[in-house]
Amino acid sequence: MDVREEKSLDSALQMKHFKTALYEFEKLVERVAAQKRDERAGLFVQKEDLIDYEKFFAAVQGLFGPEVKNQDVKYFYRKLCHNPDAPTDWCEIFGYFSSEEDSLTSQMNEENLIFLVSRKQRIVISGSRRRDVIKCIVKIPQLDLLIAASQRGLITVFNSQMRVQTSTNVTDTSWITGCDYLPQLKRIVATTERTIIVWDYKAQGTSQENYFVIKPMDHCLLCICVVSLPDQLCRDDILLGDDGGFVNKFTVNTDDFGLKQAKSKKKLQSQVLDSKNFKSVKRKLHNDWVVKIRYISTLNCFGSCSLDSVHSLVLESLKRLEDNSPVREFSMPRGANSFCYCVKANIIVTGGDDKMLRLWHPNISTKPVGKLVGHMFSIIEIVTNEKDQLVISLSSAKVFRVWDIQTLSLLQVFHDSQGGPGDMQIYSMVYDSNHGMLIAGSSVIDMYPLTRMIQDTKQVPHTHEREINVLLYNKCFHQVLTICSESIIKIWEFETGLQIYQILDPHGFNVELTSAAINESGFLFATGAYNGTVKIWDFDSGQEMKTLHKGKDWMEEENGVKSLVFLKAPEKQQSLLLVLERSGKIKMIQGKEGNVFLLVTWELPNVVPVLQDGNRVVHLKSPAKARSMAIPFPDVSLIVEETSSQRINDPAVTTRVNCIDFFQVEGYNLIAAGTLNGVIILWNFVTSTVKEIYRPENCLTENPDLDSKCFRINDILFLFRSPECARQSSQDSICSSSQRGSSKGPQSSKGSKQSIHDSESKGEQTDGAVGEPKPVDIKHPGGACVTETQPPLLVTAHDDGHLRLWTIEGRLLKDMLPMTRHPAISLTSLCTDSCTRILLTGNVEGHVILCSIGSFLDPPHDEKKFKQLLAWRAHSLEIRQVIYVEDKQVVLTASIDGSVRLWHAFDGHYCGYFGQQRAFDLLQTSDFILPCDVNEYPIEIKEESKFTENKQKYRYPLVFDRQRWQKMSSMSLLFKRTPPKAFEVECDFKFFKSLSSPKIRKQALEGFLTENREAGIVFGSLPIYRVQSPTSLRFLPLIGSEALKDSSDGAPGKKKGSHIQHEKTQRRRSLKRTFVPHINLAPAFFPTIPK
């Protein structure tokens, strides 16, 4: 009765808590509905009181727990925002109306399975004997090698490409039962029924067939495992299981095999070693065969399983082998054939002849924490996939079952149908985490790849059938909008990659969409077409709301929409759009509440011809009616002064506007435009002026030697940091500097968010000074506080591949050519984060370039602080759009290849693409994969250290100039009667006069040794010796005297005969014509010694 009463009280208490949560939920819904009604009525809502989706989802989770799904709450919130008066039911947040049919259908889809069986690869080991089978397979993750040992003695080592690296054949009468790798000795160890084999797999030539044999053994060895302890040097411990129920520990080191002296010998002789000479201990832990033994480094213990029903699994430390203390024993009917340990879940999984998988806690041996039933035959092998939290079990009927260790659910079942049950029995199985592969060994080696690995590396990413024209990200609802040239709009869930809905032919049949934009609240999006029509849609339902129809005299080449931007509307009921047409005309479109048609409010006058006539600044005027209207940009006209000289422009040069961007902060009301001929135009509605801030040379005349597109500006963007972001960066800089002070380790040059914050530690702490006014950012709503800050900057992406940064006055701050593996490539798109710390750009070859600009924005805009961090190949074709998702640190790229892909921003790792079957895994992983159409690894730009920034540059040494030698007379310098002055003797020789600098670039060679900077890279590196001046210069030799002495002593004998004297006279005459006359060089090398 007490138990029943307690259960009834618990259920009543739970019901009471649930009713309280429902009451609070109804109040929350009423508050949100009231706010949405106020917003629709045009009333102002305080930012602190505003309940956005993040706050709503957090409140719902606080009421009903973390089991509430994000997708269901998001659908409920959208429904509430769209129609606050619509009836709602609390069951909707739990997905009450969702059907399980779709999930079951997608689960049975082959592309959504864990392992893609249809892509199985098979390797047949050459050289194996007839009826031989793979008895053991071991993966060495640190070396990325695979060891396979066959039953009849063939040991093969495979590299990362699964190609045979080396192999040997053990000539033993007994069969091999297991193998492993000795990490300290760097050898392969294998066991036969009576011996232990140690083989040096790195040996070359005939030494590959040589190995050490340790015998005899007391019992038949059945399994082997190496204990990996990092603190052991030149020593490895081996655990062995035998048919007597014993667990043996063998200790082997380099002295036992003479491996230290093996380097001096030409061949390593095969030797038989006595097992009694090795240090070993053993203990009987089972009453039956020990079929599997493993060392679990995380638990610092070993595990051994047996067919014994009482002592089925033993889990203990190595010290228990040396004593008789009790051990942890796990009992199960009919014993255990295999076991494995999952580190993340802290679960041991066992399986045996009872066809059941049991899950055990390592410290609870009395009862399993879970059971998995489904196998119809005995379980012979179990492995785990730690990353995906999967358990793969194999039965004797060659049936594989994949289980989720967290939910204990069955995910996939597949079997190997080739061959009979006895012909190709699978004896071993291992999971390769480096390559996402399940490897099974029978008479052949079968490899089953993960589906996601095939999708990521084999399948071509495919989002649309045609090239992508538009890519947008909805920050409020975390959804992605894509539009292709076939005019299909698709809305995707960002976190999962699942498609929500699509719209076919939104502007009519065969009308291509060219641009789109999402408003600030995220509830509306606008689309522009090639024929000039514009439509506004409801983002939640995809319903058309407003339309701008095509004009009668509109032409597609002139009035087609090139880009769209939502403006901040002064009234809640209206929508304002800034539109750029293909002709370069900029106009504003307005839509009011209750009116289904959009109207063109005004058009900016064409200022390009006026600026080309020599007017760098043109004033604007607006009528009084336009000034009274509450719109962001008023209707203006040009004040043009008539000039006598008109410039004649080349009609072949295209001068229309190609890209625009706007900037609205208190004190600034700007529109920047980039033209096809490289001119940057700035409309300033505060000062009522429009000026040309930059014009390239010769951009208005056609030059046949230059490409007509070389000046083109493909994208333009304002760079501005709000005071809130500046203060946040300052706080992050202080925190990062304190962390660097506490841990003085080497700084990583990888582009990460923390490293970017660290690099901005200088110059950002003064941005948020107290007492300054704070500007309200109309374009970026995050800047709600107003303060006087630095003016914005402009960045332009050019067709010549250069990235240029400007002030709004037109001063060039930085001209950078991004570093890739290819020459200068045309840039197509620009993107930055909300606090303007990083800058992303894409090019026509499919590269994405990441730059750090946070510190560069602070005056005086030091160009050394503008640093490129990373560059990677994202597509094989042109990138149309690049978007940075700040909260996930993910980059979205859209290309003309029809795919939209996701990348980790700060290392270039590939996450997936929209349209794939599996859900996204946006967590940072160590697995590095690339799409099938990309074969280039990311280029990480290392930051220059303080030692290499100021390294000295040297010129080339002087070289011999033959033309100078020929111009100079042969004896004019040698017979100067006036003795040379001190330290000027080199000017008197023809050779030194003939030296000159080489006719090549002097910046091509740099020196690193700094002994003597003036002497150059070669002579400056030579050692310099100081010779003391002699006390007397009387004994210094004269040039030519040594030659005369040698000539006088050159005769074989010193005879005074006339014949010898005559020969001496002839030699002296010849010496006068060949040798230099007597010139005393002592004053030139040594100063005069005062007396």
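So, a few notes on the structure that sits alongside this text. (Residues numbered from 1 in each chain as written. Predicted model: local features only at pLDDT ≥ 70, side-chain atom pairs only at ≥ 80, totals over all residues. Heavy atoms only, no water.)

## Considerations on the pattern of salt bridges
Step number 1: Counted under the stated rule, the structure contains 27 salt bridges.
Step number 2: Between E381 and R294 there is a salt bridge whose closest N-O contact spans 3.3 Å. Here E381 is found in strand 23 (residues 379–385), whereas its partner R294 is found in strand 15 (residues 290–296), with 87 residues between them in sequence.
Step number 3: As a salt-bridge pair, D799 and R712 come within 3.0 Å of each other at their nearest N and O atoms. In this pair, D799 sits in the loop between strand 49 (793–798) and strand 50 (803–807) while R712 sits in the loop between strand 47 (689–694) and strand 48 (713–719), placing the two residues 87 residues apart along the sequence.
Step number 4: One connected set of salt bridges, linked through shared partners, spans K139, D144 and D432. (Salt bridge = Lys/Arg side-chain N within 4 Å of Asp/Glu carboxyl O. Helix = DSSP H or I, 4+ residues; strand = E, 2+ residues; numbered from the N terminus.)

## Some thoughts on a nonpolar patch on the surface
Step number 1: Together, F960, W965, F991 and F992 give the surface a local cluster of nonpolar side chains, amounting to about 390 Å² of exposed area.
Step number 2: With respect to the helices and strands, the residue F960 is situated in strand 61 (residues 959–960). (Patch = residues over 30% accessible without salt bridge, like charges linked within 9 Å, V, L, I, M, F, W, Y side chains within 5 Å. Areas by Shrake-Rupley, 256 points an atom, 1.4 Å probe, with all protein chains shown as cover.)

## As for a negative patch on the surface
Step number 1: A cluster of acidic residues, D52, E54, E495 and D887, forms a negative patch on the protein surface.
Step number 2: The residue D52 is located in the loop between helix 1 (2–40) and helix 2 (53–64) in this model. (Lys, Arg positive; Asp, Glu negative; His and termini not counted. Charge placed at Lys NZ, Arg CZ, Asp CG, Glu CD.)

## Section: the environment of L80
Step number 1: Here L80 lies in helix 3 (residues 70–82).
Step number 2: Apart from the residues lying within four places of it in its own chain, the contact partners of L80 are V29, V32, A33 and T88. (Contact = heavy atoms within 4.5 Å.)

## What to know about the sheet that holds strand 20 (residues 347–351)
Step number 1: Across the sheet, which stays open at both edges, the four strands sit in the order 19-20-21-22 with antiparallel pairing between neighbours. Two strands in the sheet have a free side with no partner beyond their single neighbour: strand 19 (338–342) and strand 22 (370–373). Each adjacent strand pair in this sheet contributes to an overall mean axis angle of 20°, direction not counted.
Step number 2: For strand 19 and strand 20, the ladder comprises five bridges, and the chain directions are antiparallel. When the bridges of strand 20 are listed, C342 appears paired with I347. (Pairing = 2+ DSSP bridges. Axes fitted to C-alpha atoms, helices over the stretch in contact; angles between N-to-C directions.)

## Re unusual backbone geometry
Step number 1: Backbone torsion omega between K215 and P216 reads 5°, so that peptide bond is classified as cis.
Step number 2: Topologically, P216 is positioned in the loop between strand 9 (211–215) and strand 10 (221–227).
Step number 3: Across the junction of P859 and P860, the peptide omega takes the value 10°, indicating a cis bond.
Step number 4: Within the secondary structure, P860 is located in the loop between strand 54 (847–852) and strand 55 (867–873).
Step number 5: Positive phi values are uncommon outside glycine, yet H478 reaches one of about 55°.
Step number 6: Within the fold, H478 resides in the loop between strand 30 (468–474) and strand 31 (479–484).

## Topic: the environment of H798
Step number 1: Summarising the element assignment, H798 is placed in strand 49.
Step number 2: Spatially, the C-alpha atom of H798 lies 7.9 Å from that of C710, the residues being 88 residues apart in sequence.
Step number 3: Discounting chain neighbours no more than four positions away, the residues touching H798 are F711, R712, I713, N714, R804, S826 and L827.

## A few points about the nonpolar core
Step number 1: By size, the foremost hydrophobic cluster in this structure holds 30 residues, and its most contacted members are L578, I681 and W683.
Step number 2: When residues of this core are traced back to their parent elements, those giving at least two are strand 38 (561–567), strand 39 (575–581), strand 40 (586–591), helix 8 (608–612), strand 42 (617–621), strand 44 (657–665), strand 45 (668–675) and strand 46 (680–684).
Step number 3: Apart from the residues lying within four places of it in its own chain, the contact partners of L578 are S563, L564, V565, L567, I586, K587, W602, I660, F662 and I671. (Core = buried A, V, L, I, M, F, W, Y, C linked by side-chain atoms within 4.5 Å. Buried < 20%, exposed > 50% of the residue type's maximum accessible area, 1.4 Å probe, protein only.)

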